[in-house]
Amino acid sequence: MIRMTLSEYLRVPKDYRGVWTNERWDIPNWADIREKHLGKRTLMTNINGGTCLVVEGMGLEIIDDSDWKKPDAVRKEISRQCLKFFTERGIEPHYADCLIRYNDNYDTVEVRIAIGMDAETEKDDDIFFYCDTLEDMKSLAENSSEDFYIADCYGFGVYEDLL
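Rules used throughout
- Residues numbered from 1 in each chain as written.
- Predicted model: local features only at pLDDT ≥ 70, side-chain atom pairs only at ≥ 80, totals over all residues.
- Heavy atoms only, no water.
- Phe/Tyr/Trp six-rings, centres within 6.5 Å; stacked < 30°, edge-to-face > 60°.
- Helix = DSSP H or I, 4+ residues; strand = E, 2+ residues; numbered from the N terminus.
- Buried < 20%, exposed > 50% of the residue type's maximum accessible area, 1.4 Å probe, protein only.
- Pairing = 2+ DSSP bridges.
- Axes fitted to C-alpha atoms, helices over the stretch in contact; angles between N-to-C directions.
- Core = buried A, V, L, I, M, F, W, Y, C linked by side-chain atoms within 4.5 Å.
- Contact = heavy atoms within 4.5 Å.
- Salt bridge = Lys/Arg side-chain N within 4 Å of Asp/Glu carboxyl O.

(A) Region of the structure containing the packing of aromatic side chains. Using the criterion set out here, one finds four aromatic pairs in the structure. On the numbers, 6.0 Å between centres and 20° between planes, the contact of W20 with W30 is stacked. A residue pair is termed long-range when its members are at least 10 positions apart, and W20 in the loop between strand 2 (17-19) and helix 2 (30-37) and W30 in helix 2 qualify at ten residues. Since its relative accessible area comes to 14%, W20 is described here as buried. Given a relative accessible area of 2%, W30 falls into the buried group. Consider the rings of W68 and Y106, whose centres lie 6.2 Å apart with planes at 45°: the pair is tilted. With W68 in the loop between strand 5 (59-63) and helix 3 (71-89) and Y106 in the loop between strand 6 (95-102) and strand 7 (108-115), the pair connects residues that are 38 residues apart, well separated along the chain. Accessibility assignment for this pair places W68 and Y106 in one class, buried.

(B) Summary view of the sheet that holds strand 3 (residues 41-47). Reading across the sheet, the five strands line up as 1-5-4-3-2 and stay open at both edges, with mixed pairing between neighbours. Both outer strands of the open sheet, strand 1 (2-5) and strand 2, are each paired with one neighbouring strand and no more. On average, adjacent strands in this sheet sit at an angle of 35° to one another, irrespective of strand direction. The pairing of strand 4 (residues 50-56) with strand 5 spans two bridges and is classified as parallel. Bridging from a neighbouring strand, E56 pairs with L60 of strand 5.

(C) Region of interest: the nonpolar core. Counting 20 residues, the largest nonpolar core has C98, I113, M137, I150 and F156 as the members making the most contacts within it. With residues near it in sequence (within four places) discarded, I150 still touches V74, I78, C98, L99, I100, I113, M137, L140 and A141. Residues M4, L6, Y9 and L43 belong to the second largest nonpolar core, which totals eight residues.

(D) Representation of the sheet that holds strand 7 in the model. Read from one edge to the other, the open sheet built from four strands follows the order 8-7-6-9, with strand pairing classed as mixed. Whereas interior strands pair on both sides, the edge strands pair on one side only; in this sheet they are strand 8 (129-131) and strand 9 (148-157). Across the sheet, the axes of successive neighbouring strands diverge by a mean angle of 35°, strand direction being ignored.

(E) Up close: the pattern of salt bridges. Inspection of every chain in the model, using the stated rule, returns eleven salt bridges. Between E56 and R41 there is a salt bridge; the shortest N-O distance is 2.7 Å. Linking E56 in strand 4 with R41 in strand 3, this pair joins segments that are 15 residues apart in sequence. Residue classification places R41 among the partly exposed positions, given a relative accessible area of 24%. Here E142 and R75 are joined by a salt bridge, their closest N and O atoms 3.1 Å apart. Placement of the pair is E142 in the loop between helix 4 (134-139) and strand 9 and R75 in helix 3, with a sequence separation of 67 residues. Each of R3, E61 and D107 takes part in a single network of salt bridges with overlapping partners.

Below, the structure written as C-alpha cells:
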C-alpha cells in the first residue's frame, strides 16, 4: 500500500499519474470491477524492481492535505501562543501542547514538547520530545530528520502546573 498526501501526488510528473478514464472490456469481469477503476487516480511506481500501476483504493491511498497548516503558519502559531503565555503569566514556558503528524503514515497525535526542561523529572512520562529552545521547537514544523513534524500548537505551560 502506498500512502501519500495530495500535495505529494500532485508533485509527481503528469506522465506518472492520472485518472482512469478508459473502459477495458479486454479485462476479465470488467463489468463487475469497472467501478473500482473508472474515475480513480492512478500512479505509476516501482515496486520490487518492476514498474507497476496502482489505483486509488487498490494499493494507493491519497490523503487530502489541502486544509493542513503549512509550516510557516505553524511557526507563527507557536510564536503567537508563546507570546500569549508570556504576556499572561510573565514567565517563559517549559512546554507546549502540540499536534504532531508522523512522516511515514500521516497519523496525528496530541503530545507535549518540552522547551529547555531537563529530562528525568517527575513528569518525564508526559513529555514526548525535548527541545533546547523555542527556535528548536519551531524548526520541528518542517519535515526534518525526526520521524514527525509539528502540525499545530495549542498552548504553553510550566512544569509546576503539571504537579
